[in-house]
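# Coordinate inspection notes
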Amino acid sequence: MTKPRPDAMEKPLRQRLAGALRFSPALFLFCHAATCWAAGPGVKLEDGRAHWAFQPLGGQEVPEVRASSWPRNDLDRFILARLESAGLQPAPEANRATLIRRLSLDLIGLPPSPEEVAAFVQDESPRAYEALVDRLLSSPRYGERWGRHWLDLARYADTSGFHNDLDRPHAWKYRDYVIRSFNEDKPYARFIAEQIAGDEIEGADEQSLIATGFCRHGPSNDDNMGKTPEAIAQYRADQMDDVISTTSSVFLGLTLGCARCHDHKTEPLLARDYYSLYAIFAGTERLGLPKGATDAKDKAVKDAAEVMALIETHPQPPPTHVLLRGLAASKGEEVAPAVPEVLASPPLQFPPPSTKTSLRRKTFADWVASTENPLTWRVMVNRVWQHHFGVALVASPSNLGVSGTKPSHPELLDWLAQQFITSGGRMKALHKLMLMSATYRQASGTVPGEDPADATRFALRSSLFGRMHRQRMEAEVIRDSILAVSGKLNLQSGGPGIKPRIRADLLDASQRNKWPVLKEEGPAQWRRSIYIYVKRQLLMPSLELFDAPTTTDSCALRTQSTVPTQALVLMNDEFVEEQAGHLAGRAAAEAGDDPESFVERLFLLTLAKKPSASKKQQALEFLQARTEAGSRETARRDLAHVLLNSSEFVYIE
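So, a few notes on the structure that sits alongside this text. Everything numeric in this text was worked out from a predicted model, so none of it was measured.

Rules used in this analysis
- Numbers given for residues are sequential positions, taken from 1 along each chain in its written order.
- Confidence filtering applies because this is a predicted model: local features only for residues at pLDDT of at least 70, side-chain atom pairs given and counted only at 80 or more, and all residues used for totals across whole chains, interfaces and linings.
- Hydrogens and water molecules were not included; the side-chain quantities draw on all heavy atoms of the structure.
- Only runs of H or I of at least four residues qualify as helices and only runs of E of at least two qualify as strands under DSSP, and these elements are numbered from the N terminus.
- Values of the radius of gyration come from C-alpha atoms, whereas the globule rule sets the reference at 2.2 Å times the count of residues to the power 0.38.
- Buried residues are those whose accessible area, probed at 1.4 Å on protein chains only, stays under 20% of the maximum for their type, while exposed residues exceed 50% and partly exposed ones sit between those limits.
- Any two residues whose heavy atoms approach within 4.5 Å are treated as being in contact.
- For the area figures, the Shrake-Rupley method with a 1.4 Å probe applies, and any residue is considered shielded solely by the protein chains shown.
- When charges are counted, Lys and Arg contribute as positive and Asp and Glu as negative, whereas His and the chain ends are disregarded.
- Taken as the charge location is NZ of Lys, CZ of Arg, CG of Asp or CD of Glu.
- By salt bridge we mean one thing: a side-chain nitrogen of Lys or Arg within 4 Å of a carboxyl oxygen of Asp or Glu.
- Pairing of N or O atoms within 3.5 Å defines a polar contact, subject to two protein rules: one partner must be a possible hydrogen donor and the other a possible acceptor, and residues neighboring in sequence count only if both atoms are side-chain atoms.
- Joining through side-chain atoms within 4.5 Å is the link that ties buried Ala, Val, Leu, Ile, Met, Phe, Trp, Tyr and Cys residues into a set, and such a set is a nonpolar core.
- Centres within 6.5 Å make a pair out of two Phe, Tyr or Trp rings, where for Trp the six-membered ring is used; the pair is then stacked when the planes are under 30 degrees apart, edge-to-face when over 60, and tilted otherwise.
- Charge-over-ring placement is defined geometrically: NZ (Lys) or CZ (Arg) within 6 Å of the ring centre, and within 35 degrees of the ring normal.

The helix and strand inventory of the chain stands at 26 helices and six strands. Relative to the globule expectation of 26 Å for 653 residues, the C-alpha radius of gyration of the chain, 26 Å, shows essentially globular dimensions. With respect to the principal axes defined by its C-alpha atoms, the chain has extents near 80 × 65 × 50 Å. Expressed as a percentage of its 653 residues, the buried residues of the chain come to 56%. For the chain, restricting intrachain contacts to residue pairs at least 6 apart in sequence, the fraction spanning at least 24 positions comes to 72%. Total accessible area computed for the chain in this model is approximately 27000 Å², and 54% of it derives from carbon and sulfur atoms. Computed over 79 positive and 81 negative side-chain charges, the inter-centroid distance for the chain is 2 Å.

On to the pattern of salt bridges. The tally for this structure, following the rule as stated, stands at 47 salt bridges. Where E312 meets R361, a salt bridge forms, and the shortest distance between an N and an O atom there is 3.1 Å. Pair noted here: E312 is in strand β2 (residues 309-312) and R361 is in helix α14 (residues 360-368), with a separation of 49 residues, a long-range link. Across the salt bridge formed by R586 and E590, the nearest N and O atoms sit 3.0 Å from each other. Remark: E590 and R586 occur in helix α22 (residues 574-591); sequence separation between them is four residues, near one turn of the helix. The exposure class of R586 is partly exposed, given its relative accessible area of 22%. Each of R141, E144, R479, D480 and R528 takes part in a single network of salt bridges with overlapping partners.

The next point concerns the side chain of E450. Along the chain, E450 turns up in the loop between α17 (427-435) and α18 (455-463). A relative accessible area of 10% means that E450 is categorised as buried. At 2.7 Å, the side chain of E450 forms a polar contact with the side chain of R461.

W150, Y174, F281, W385 and L416 are the most contacted members of the largest nonpolar core, which has 166 residues in total. The dominant element in this core, judged by the number of residues it contributes, is helix α15 (residues 374-389), at eight residues. Excluding residues that lie within four positions of it along the chain, W385 makes contacts with L75, I79, G390, V391, A392, L393, L412, L416, M434 and F465.

What the rule picks out here adds up to 23 aromatic pairs. Taken together, a centroid distance of 5.9 Å and an interplanar angle of 75 degrees make the contact between Y188 and W377 edge-to-face. Here Y188, found in helix α10 (residues 188-197), pairs with W377, found in helix α15; they are 189 residues apart in sequence, far enough to count as distant. Assigned by exposure class, Y188 and W377 land together as buried. Each residue in the set Y142, W150, Y174, Y177, F182, Y188, F191, F214, F251, W377 and F420 is aromatic and connected to the rest through ring pairs, giving one cluster. Between K499 and the ring centre of W515, over which it is positioned, the NZ or CZ distance is 5.9 Å. Above the ring of Y531, the side-chain terminus of R527 is found at 4.6 Å from the ring centroid.

Taken by themselves, the reported measurements are silent on function.
Right, dumping it as structure tokens:
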């Protein structure tokens with residue numbers, strides 16, 4: 001078995017153990033020893049500066065290809081050139097019904113209606129596909145779908161975690177800010193600046209203040225941080241570690257958090273780099289504490305602030321020292337604010353403070369978002385590619401460092417990054433560039449004349465994006481799609497999180513900030529899954545089972561497990577069974593009493609296509625047998641339940 005890379009295991013293990021014992025300094029030393037066992041020699045700065053991800057973007061020439069009629073834009077030429085050099089050809093274009101379902105689930109996280117499918121399939125105009133892409137990108141549902149991807153990175157939750165799992169009454173405002181930002185197509189540079197320095201930037205307002213909640217969404221233990229100055233200092237250092245680690249991994253694709261106690265063992269990153277970034281955030285204060293949190297004097301803090309933010313109120317931050325072994329009580333040399341030395345030559349210059357803040361975070365945010373910083377733009381286009389195509393160009397999306405994986409198509413990655421910059425950092429332009437390509441429109445199967453049994457050739461073509469990767473819906477998309485096809489989805493947007501029904505026997509696992517007991521659900525609980533209250537001590541079981549992230553750490557790549565309990569939940573869960581009944585009732589109301597019409601409508605609603613002759617016959621026989629054993633309504637519900645459990649429903653071709 002291959003050992004995990006130290007950069008991939010060190011921080012999560014340290015955080016899990018620290019969380020169990022409430023950030024004990026003694027435990028931290030143990031964690032450090034336990035997680036450095038696999039560390040190898042460090043990387044010298046001069047060697048690190050030559051790493052591919054740290055190089056300027058430059059101009060990438062679009063390659064020449066032999067099959068010049070296949071590309072629909074220049075993106076395709078990069079893909080086709082690699083396929084041709086391997087003696088391969090791309091897969092044929094997917095059929096219209098498959099494309100509209102793929103696009104809809106990809107961009108808005110909801111399946112298309114039968115009417116939308118029919119209109120697209122019958123539209124023979126040359127702009128039909130582009131018009132569909134534009135319509136979906138302009139939908140308010142787009143921000144709800146793509147905002148979810150960002151919330152994974154931001155480790156968003158509505159509670160603080162740990163023993164008491166305190167409520168964060170205003171956390172949802174950050175979630176709504178993210179959704180709004182995607183819908184408004186906010187330039188990526190501005191999106192970065194608001195989340196790192198929303199109180200310091202030009203045009204700062206309530207929304208940019210809410211954006212700094214990005215730095216506040218990690219787990220916290222504010223009601224049990226300790227009472228002594230030493231304990232409080234250590235707690236702040238541990239909280240700052242979450243800010244530094246998440247900021248560097250999400251925006252820069254660097255595992256800087258592994259340099260907290262020592263120079264990084266597999267990257268050209270120094271402990272001094274870590275604490276120089278610490279100095280950038282050293283003057284920040286938390287605005288809006290969880291209900292029940294206490295201050296340094298152990299007095300209850302009244303949560304008067306209506307946002308959850310990280311701000312500065314003084315122009316002079318306290319001095320920052322390297323903390324030996326990560327312990328606040330063991331101060332080493334003093335360090336000034338700076339960005340990692342391997343990335344800045346000459347060093348970044350920080351201006352004098354303003355009358356209100358140090359301007360350190362604004363300066364840092366401007367550097368991160370600079371068009372001269374290639375790392376930022378490579379990281380983001382790689383994330384977008386990953387979600388559209390199922391596999392990233394760099395398989396370690398939050399680690400583009402020396403210990404990360406090499407890009408499968410480095411020239412394409414750089415070309416996309418340059419296109420993203422040229423568009424002004426507009427996400428929708430980047431989406432459209434990828435979605436309009438012939439690469440995205442490919443079918444997911446074999447190509448004509450290819451031996452289906454030739455697994456090696458099929459795998460090679462897959463790795464070179466010579467077909468579309470078949471993907472299982474994410475947990476939230478499964479739930480939302482069930483509600484959409486049943487006709488019960490409530491599209492109300494924004495506001496405090498909802499709390500759908502959870503089995504009463506599971507609620508005993510969470511003794512603090514308890515989840516309400518519901519016997520029945522209704523429209524208030526049938527909203528999109530992005531609006532579900534995220535309780536760290538008790539994640540929504542049906543979402544967790546389908547690999548929704550734990551929110552303890554930033555999640556760049558969700559696990560895709562396949563376990564028997566997933567099928568058992570879809571078969572036995574009360575929510576799925578009830579929605580199957582609503583789906584059957586909808587199909588019957590829209591199709592009438594004719595069994596064949598009912599079956600066709602049911603397939604169109606759930607799978608966006610009519611059944612084949614054999615499946616139609618199977619469904620009719622199923623209905624007849626179930627009706628004879630019970631009732632027509634029960635038979636229809638059971639058939640709807642079968643389709644909601646089918647691979648064709650849960651997977652995206």
